[in-house]
Amino acid sequence: MAETITYHYTGEMLESAKKVAKNREKNAALEPQRMTADEKDKVLEEFHPDHIKSQFTELKIGPNKGERAPLELADILQGKSRINPDEIDLSKPDYETDVLIIGGGGAGSSAAIEADNAGAKVLLATKLRIGDANTMMAEGGIQAADKSNDSPQQHFLDAFGGGHFDAKKELVYELVTKAPETILWLNKLGVEFDKAPDGTMITTHGGGTSRKRMHACKDYSGAEIMRTLRDEVLNRKNITVVDFTAAIELIKDENGNAAGAVLMNMETKQLLIAKAKTVIIATGGAGRMHYQGFPTSNHYGATADGLVLAYRAGAKLLYEYSLQYHPTGAAFPQQVFGALVTEKVRSLGAKVVNCDGEVFIHPLETRDVEAAGIIREVKGRNKGVKTSLGQGVWLDTPMIELKGGEGTIEKRIPAMLRMFEKYDIDIRKEPILVYPTLHYQNGGVEIEQDCSTGIKNLFVAGEASGGIHGTNRLMGNSLLDVVVFGRVAGTAAAKAAESATPGKLTLQHVKNFEKERADAGITTATVSPKLLPHYTHRDGNL
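Residues numbered from 1 in each chain as written. Predicted model: local features only at pLDDT ≥ 70, side-chain atom pairs only at ≥ 80, totals over all residues. Heavy atoms only, no water.

Asks: Help me understand the overall build of the protein, please; the structure alone is not making it clear to me.
Replies: Scanning the protein from N- to C-terminus turns up 18 helices and 21 strands. Seen along its three principal axes, the alpha-carbon backbone of the protein occupies a region of about 75 × 55 × 45 Å. Out of the 542 residues belonging to the protein, those deemed buried represent 62%. A separation threshold of at least 6 residues defines the contact pool for the protein, and within that pool the share at least 24 residues apart is 74%. Carbon and sulfur atoms form 48% of the exposed surface of the protein, whose accessible area is close to 21,100 Å². Averaging the coordinates of the 65 positive side-chain charges in the protein and doing the same for the 71 negative ones gives two points 1 Å apart. (Helix = DSSP H or I, 4+ residues; strand = E, 2+ residues; numbered from the N terminus. Buried < 20%, exposed > 50% of the residue type's maximum accessible area, 1.4 Å probe, protein only. Contact = heavy atoms within 4.5 Å. Areas by Shrake-Rupley, 256 points an atom, 1.4 Å probe, with all protein chains shown as cover. Lys, Arg positive; Asp, Glu negative; His and termini not counted. Charge placed at Lys NZ, Arg CZ, Asp CG, Glu CD.)

Asks: How should the packing of aromatic side chains be read in this particular structure?
Replies: The geometry of an aromatic ring pair is captured by two quantities: the separation of the ring centres and the angle between the planes. Taken as a whole and assessed by the stated rule, the structure comprises eight aromatic pairs. Aromatic pair Phe156 and Phe160: ring centres 5.5 Å apart, planes at 40°, arrangement tilted. Of this pair, Phe156 and Phe160 both sit in helix H7 (residues 152-162), separated by four residues, roughly a single helical turn. The burial state of Phe156 is the same as that of Phe160; both residues are buried. An aromatic cluster is defined as three or more aromatic residues linked by ring pairs; in this entry it consists of Tyr9, Phe332 and Trp394. (Phe/Tyr/Trp six-rings, centres within 6.5 Å; stacked < 30°, edge-to-face > 60°.)

Asks: Looking at this structure, I do not really get the sheet that holds strand E5 (residues 142-143). What am I missing?
Replies: Strand pairing in a sheet relies on backbone hydrogen bonds, with the paired strands running either antiparallel or parallel. Across the sheet, three strands lie side by side as E5-E7-E6; this open sheet has antiparallel pairing. Unpaired on one side and paired on the other, E5 and strand E6 (203-204) mark the two borders of the sheet. As defined by bridge partners, E5 adjoins strand E7 (residues 214-215) across two bridges and the pair is classed as antiparallel. The residue bridging Gln143 from the neighbouring strand is Met214, located in E7. (Pairing = 2+ DSSP bridges.)

Asks: How do you make sense of the packing of helix H3 (residues 37-47) against helix H13 (residues 367-380) when you look at a structure like this?
Replies: Axes are the key here: two packed helices are described by the angle between their axes and the distance separating the axes. It is at 9 Å that the axes of H3 and H13 come closest, and there the two elements cross at 60°. As judged from the angle between their axes, H3 and H13 are oblique. H13 is crossed by H3, and the crossing has left-handed handedness. Counting all contacts with H3, which are made through Lys40, Val43, Leu44 and Phe47, the residues of H13 involved are Asp368, Val369, Ala372, Gly373, Ile375, Arg376 and Gly380. Residues of the contact of H3 with H13, tallied by class, amount to six nonpolar, two polar and three charged. (Axes fitted to C-alpha atoms, helices over the stretch in contact; angles between N-to-C directions. Parallel < 35°, antiparallel > 145°, perpendicular 65-115°, else oblique. Left-handed = near helix turned anticlockwise from the far one by under 90°. Nonpolar A, V, L, I, M, F, W, Y, C, P; charged D, E, K, R; others polar.)

Asks: Got a minute to help me understand the environment of Arg34 in this structure?
Replies: Turning to its location among the elements, Arg34 is positioned in the loop between helix H2 (24-29) and H3. Sequence spacing of Arg34 and Leu175 is 141 residues, and the spatial spacing of their C-alpha atoms is 27 Å. Each residue touching Arg34, except ones within four places of it in the same chain, is listed here: Glu39, His362, Leu364 and Glu365. Side-chain polar atoms of Arg34 contact the backbone oxygen of Leu364, separated by 2.7 Å. (Polar contact = N/O pair within 3.5 Å; in protein donor to acceptor, adjacent residues only side chain to side chain.)

Asks: Can you walk me through unusual backbone geometry in this structure?
Replies: For residues besides glycine, phi is generally negative; the peptide bonds are generally trans as well. In this model, Phe332 is joined to Pro333 through a cis peptide bond whose omega is -5°. Here Pro333 lies in the loop between strand E13 (323-330) and helix H12 (344-347). With phi around 60°, Asp424 is a residue other than glycine that occupies positive phi space. Along the chain, Asp424 falls in the loop between helix H16 (414-421) and strand E17 (432-441). Given a relative accessible area of 43%, Asp424 falls into the partly exposed group.

Asks: In this structure, what is going on with the sheet that holds strand E12 (residues 317-318)? I would like to understand it.
Replies: Strand order in the open sheet made by the three strands is E12-E18-E20, with mixed pairing throughout. One side of each edge strand has no neighbouring strand; the edge strands of this open sheet are E12 and strand E20 (465-466). Here helix H11 (residues 305-313) sits on the sheet in contact with E12 and strand E18 (444-446), set at roughly 40° to E18.

Asks: Looking at this model, I keep getting lost on the environment of Ile522. Mind explaining?
Replies: Within the secondary structure, Ile522 sits in the segment after helix H18 (508-519). With a relative accessible area of 11%, Ile522 lands in the buried category. Along the sequence, Ile522 and Gln78 sit 444 residues apart, while their C-alpha atoms lie 7.9 Å from each other. If near-sequence neighbours (up to four positions away) are discounted, Ile522 is found in contact with Lys60, Ile61, Gln78 and Arg517.

Asks: Please explain a negative patch on the surface as it appears in this structure.
Replies: On the surface, Asp38, Glu39, Asp41 and Glu45 cluster together into a patch of negative charge. With respect to the element layout, Asp41 can be found in helix H3. (Patch = residues over 30% accessible without salt bridge, like charges linked within 9 Å, V, L, I, M, F, W, Y side chains within 5 Å. Salt bridge = Lys/Arg side-chain N within 4 Å of Asp/Glu carboxyl O.)

Asks: Please clarify how the nonpolar core should be interpreted in this entry.
Replies: Ranked by internal contacts, the top residues of the largest apolar core, which has 138 residues, are Ile102, Leu186, Leu250, Ile281, Val341, Trp394 and Ile432. Here this core takes 12 residues from helix H17 (residues 477-499), the largest share from any one element. Filtering out sequence-adjacent residues up to four positions away, Leu250 remains in contact with Ile102, Gly260, Ala261, Val279, Ile281, Leu309, Ala310, Ala313, Leu458, Leu507 and His509. Counting 15 residues, the second largest nonpolar core, distinct from the first, contains Ile251, Val262, Ile273 and Leu507. (Core = buried A, V, L, I, M, F, W, Y, C linked by side-chain atoms within 4.5 Å.)

Asks: When you look at helix H5 (residues 106-117) in this model, what are you seeing that I'm missing?
Replies: Owing to its 3.6 residues per turn, the α-helix aligns residues three or four sequence positions apart on the same side. For H5, which comprises 12 residues, the first-to-last C-alpha distance of 17 Å matches the rise-based estimate of 16 Å (1.5 Å per residue) to within 8%. For H5, the tally of buried residues reaches 11 of 12 residues, placing the bulk of the element in the interior. Within H5, the full set of buried residues consists of Gly106, Ala107, Gly108, Ser109, Ser110, Ala111, Ala112, Ile113, Glu114, Ala115 and Asp116. Immediately downstream of H5, the backbone of Gly119 shows phi near 90°, a positive value. (Expected span 1.5 Å × (residues − 1).)

Asks: Is there a simple way to explain the side chain of Thr342 in this structure?
Replies: Topologically, Thr342 is positioned in the loop between E13 and H12. Within the structure, Thr342 has its side chain in polar contact with the backbone nitrogen of Gly140 (distance 3.4 Å). The residues contacting Thr342, other than those within four sequence positions of it, are Glu139, Gly140, Asp219, His326, Met416 and Met475.

What follows is the structure, encoded as structure tokens:
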């Protein structure tokens, strides 16, 4: 089958791409064998980044003392505060509100809407602009068991098993049982889901799903959901949004309850005090920490801020050692290195292929297994394709139209088509190079069903929380998570605010943490939360 490969690929890439094209029809007809449970365990143990012992260290202080965490996360969890508590005047708050929401992504926005619905006065503070979040970056879709051949029970089994049975069952139950109504809620707000001519929502498979329950908005799903939520928040009179303002420390009252936050204007560095009856942390993920030097699909502000704030205040983390590396991040060209190549590409029929044009893994294994399989093919079997920034394998995108017909890519994954078109790569005719990219923070602050934490009046929703997905997340359950638990947190925080009467505001916990640092002999100069990543152009370091 003849095809044209652009000049952007190197000679070595071109030779490999020819092998992919030669085997395309045979590979398209192939149904790769799924791995057995033992095979999955083996490839994860040997090749998944979460199992590289040298990249983790034991936490010396805090609620999770003695547990392991990635080196980069441990550094900021045990870092110095950005403030000197003795220099902060808490007696004259700049803001007073019922519910303070930290973070303006899908979880924070959903929380704001429901807290407003419950009659609470809401202040939403966000480090960048409302909507600058991983929700906006999500592409593939959102899961919900709302078809006649499916059920929340089946969704539960897929999600719980896909997370290695490590999730808190009550959280998975909340996730899957609220999924159908969440789709209806979003649809009523105006989200433009993909639908058949008769109005039926189009659904597809994702890795690890036993039914087609992925609802999508082409491959702009997160952007479309975030657009709708953002507009709804901005149209509400009783929600105050403060952009470009980061929370750098939680405030407690004299009784140890969450009672607000110290905010910092990102441009002027002015410090502001927000007093609140309840607080919701919805700060998102950690991809811009670049664990183990991996690239990331995350937005610019994803630096694990919420974990630092909650940890310093005494909230326990869960599965802080577990990260998700999306199997298919762009490995070439370097301008989009690490950018997400949505799992929907594989659910529509593309397979991952090595340098010799061989399919080496089922395209819809769970994400951790798929990622580990790709890393094994490159590092363990030397079957990768060299790029300017490392190596990758092929994702044979022309296979989609070979199976689904001409026009399928334009109709179903236009964002992918446009992203590569910018670099004169036509994914309808040419395969693309991919490699795992840091994508999702599986672990986070431990929460209960109502998003409450071990600190009274502190709630956490979205990617900053831990326990919903266990130690691996299935495609489409993150967009579901942020909306389901964002709404839950907003309702619960508003209800708690009705009877909350904050006592005298204090930052004593910050002083206590600094003493704990000193007693443990921690002398690093790291200041946290990190807020933004640091990049240098001189040597290309992340």
